[in-house]
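An overview of the molecular structure
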Amino acid sequence: MRFDDDDESSATKKEERERARKRILKATKRGAFTGLTLKGGVNAFGVLSRFLRGKTNVEQLKAKEAVADAVKFSAFVASFSGVYVTSDEVIAAKFGAKRTKRYRAFVSGMVASPSFLLAGAKPNYSLASYLSLKALVLIGRVGSKSEHEKVRSVFRLATWEHADVAVVTSSAVVILGCFVLKPEAVRGAYGAFLDRHCGKTKRQVEALRELCFLPENDPNGKGEQMFREYCERTAIALNETGSLSAAKRDEMLRAIRNREGGAKMYSRDAVYRKFFMDDANPLVHFLAFVKNSWGTSFVSHVPIYVFPAILLHREKLFKDPKLLGKLFAGVARSSLFLTVYCALAWQGPDVLGRLTNRVTPTTLVCGVPLAGAATFIEKKSRRGELATYCLDKSLESLVISMLTWGYIPQSWKNKRLDVLLFAFAAGTICMCYDRKRECFRSNYLNVFDFIFGNRGHSRHKIRHAGSYEILFQPPSVVDVDALLDDTPTLRDASNEEEEKKTSSS
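Residues numbered from 1 in each chain as written. Predicted model: local features only at pLDDT ≥ 70, side-chain atom pairs only at ≥ 80, totals over all residues. Heavy atoms only, no water.

So, on to the packing of aromatic side chains. Applying the stated criterion across every chain, the model contains 21 aromatic pairs. Relative to Phe422, the ring of Phe80 lies with its centre 5.7 Å away and its plane at 70 degrees, an arrangement referred to as edge-to-face. Taken together, the positions of Phe80 in helix H3 (residues 63-95) and Phe422 in helix H17 (residues 417-435) put the pair 342 residues apart, joining distant regions of the chain. Per residue, the accessibility class of Phe80 equals that of Phe422, and both read buried. Pairwise contacts between aromatic rings join Phe73, Phe76, Phe80, Tyr84, Phe116, Phe422, Tyr433, Phe448 and Phe452 into one cluster. Seen from the ring of Phe450, Arg30 lies directly overhead, with NZ or CZ sitting 5.3 Å from the centre. The positively charged end of Arg268 is found above the aromatic ring belonging to Phe227, 5.1 Å away from the centroid. (Phe/Tyr/Trp six-rings, centres within 6.5 Å; stacked < 30°, edge-to-face > 60°. Helix = DSSP H or I, 4+ residues; strand = E, 2+ residues; numbered from the N terminus. Buried < 20%, exposed > 50% of the residue type's maximum accessible area, 1.4 Å probe, protein only. Lys NZ or Arg CZ within 6 Å of the ring centre and 35° of its normal.)

Here you go:
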C-alpha cells in the first residue's frame, strides 16, 4: 500500500508540474497576443490615418516605428505574464498555496516588474504613472469597503459620486494651461492629440499664448503700441493660414490704423473673440465647433474601442448585433465628450474675458476648467477611466514643468524610476486581482483571466473561480463542469468553495 501511495503521489506531482508548465506557456502566448492586439492595432490605425491625410513617404507614415513599438510592447506583456505566472506557481509549490495566498500575487507582480524595460529603451513615465494611479484607485476601493470604520472614513472621498468630474475639471487647469502657455510640457503623442482635437490651428494657439503674455502696463509706455503691432501682425498671419477671413482682417487693420480710435476700440477680450472664436457669440461658436470637430473625434476613438472589444469578446463581437450597437454608441458618446470638452475650454476664458475685459494667463487658467463639465456626457463607469487618465497627464505636465524650472534635478531625467513606479503598480494590481476581485470591472477581469489562466470563462462571462481551458472554445459548447478536474490541485484547493458555486450556477 505504501508503494501505491508513493506512486500516486509521484503521479500527482508530475501532473501538477505539467499543469503549471502549460499555464506558463499559455500565459506567455496570450500576453504576447494581447500586447500585439492592443498596441499593434492602435499603431496600425495611426499609420492608416496618416496615409489618408496625404502623408505618403516613409518618414511621415512612421510605419517602422509603429511596428517596432508594437513588438516591444508585445514582448513586455508576454514577459510580464510568463514571469508572473512562473513566480506564482513556484511560490505555491515551494511554500504552499494556502499559506502564501495573502502575499503571493503581490510578490509575483513585483518579481515580474523588470519586464517593463522591454517596453522601450527610454523611460516611460506616462504608462508607469497611469498604472500607479490605477493601483491607488484600487486601494481606495478596497479601503472604502473595509470592515473598520476608521479605514472607511479615510477612503470615503474615493466613493464620492462626482469625484471623477472634480478630478477631470482640476486636471484641465494643468493640461490645457500648459498646452497654451507652456507647450513643451505637453509633448509627444499626447501633444499631437491635443493639436488635432483643439479645433484651432497651431498659429492660433501661438497667437493666444502671445496675447496672454502681452504686457498691459509697460513701464516705458509702449504697451498700447505693442498691442497694436500684435493685432496687425496676428490678423495678417491668421488670414494667411485661413483662420481669419479677409473681411475681418481688413476690419481689424482699418481700426488699428485709424489714428483717432486706434486699437482702443478693441479690448483684449474682443480681440480674443475675433481671432479665436470667429467673432461669434458663445452659443454659435459652441455649435459650430461641435459640428466641425465631432467627426475627427469619432475617428480617433474607433481604435480605442474596437481593439479592446476584439480582445474582450472575440468571435462573439461579430455574431451579436447588440454588441456592435453598444460599441458604436460608446464611440459616439466618448467622441462627443471630447468635442464638447474642447469647445467648453474655449468658452471659459471668453466668459472671464467679458467680465474683466482682460486676457491674461490667470483668466485663461481659471477659464479652462469649464471643460470638465463635459465629463457628465460619459457613462459613470467610463468617467473613472477619464479621471485617472487626465490626472496622469496633468502630473506628467507638472513634472516636466518642474524639470524645466529646476525644481527637479536634470540628472533624474534619464534614470529608470519608471520601473519602480511600475513595480508598485504591478504588485498592487495583481494582489487586488487575486484577493479583491470585486473591485475590478468585469472587462478587466476578463482580460486578466484570459492572460493569467484563472478559472472563469463561460459564454464570455466572468465566473470568479477560473479555468484556462475554457477560453478558446466556442461559447455554445463550453461545459464548465466537464472542464474541471475531479482531482483537486493546489489551485483547486484554494478555490473549492467558489467552484461549488460555479457548478451549481
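This part is about the packing of helix H5 (residues 125-144) against helix H16 (residues 380-405). For the pair H5 and H16, interaxial distance at closest approach is 9 Å and the crossing angle is 130 degrees. The angle between H5 and H16 places the two elements in the oblique class. Judged by the sense of rotation from one axis to the other, the crossing of H5 with H16 is right-handed. Contact residues: Tyr125, Ser126, Ser129, Tyr130, Leu133, Lys134 and Val137 in H5; Glu385, Thr388, Tyr389, Leu391, Asp392, Lys393, Leu395 and Glu396 in H16. (Axes fitted to C-alpha atoms, helices over the stretch in contact; angles between N-to-C directions. Parallel < 35°, antiparallel > 145°, perpendicular 65-115°, else oblique. Left-handed = near helix turned anticlockwise from the far one by under 90°. Contact = heavy atoms within 4.5 Å.)

In terms of nonpolar packing, the biggest core is built from 55 residues, with Leu208, Tyr230, Phe275, Phe276 and Tyr341 touching the most fellow members. Looking at this core element by element, the count peaks at nine residues for helix H14 (residues 321-356). (Core = buried A, V, L, I, M, F, W, Y, C linked by side-chain atoms within 4.5 Å.)

The next subject is the environment of Ser129. Tracing the sequence through the fold places Ser129 in helix H5. Sequence separation between Ser129 and Asp392 is 263 residues; the distance between their C-alpha atoms is 6.3 Å. Setting aside residues up to four positions removed in sequence, Ser129 forms contacts with Asp392 and Leu421.

Inspection of the entire model under this criterion finds 22 salt bridges. Of the charged contacts, one joins Asp350 and Arg354 as a salt bridge, the two residues approaching to 3.1 Å between their closest N and O atoms. Taken together, the residues Asp350 and Arg354, both in helix H14 and four residues apart, mark about one turn of the helix. Taking the shortest distance from any N to any O, the salt bridge between Arg416 and Asp418 comes out at 2.9 Å. On the basis of relative accessibility, which here comes to 24%, the residue Arg416 falls in the partly exposed class. Taken together, the shared-partner salt bridges in this structure form one network comprising Glu16, Arg19, Arg23, Asp88, Glu89 and Arg104. (Salt bridge = Lys/Arg side-chain N within 4 Å of Asp/Glu carboxyl O.)

The values reported here are purely geometric and, on their own, carry no functional implication.
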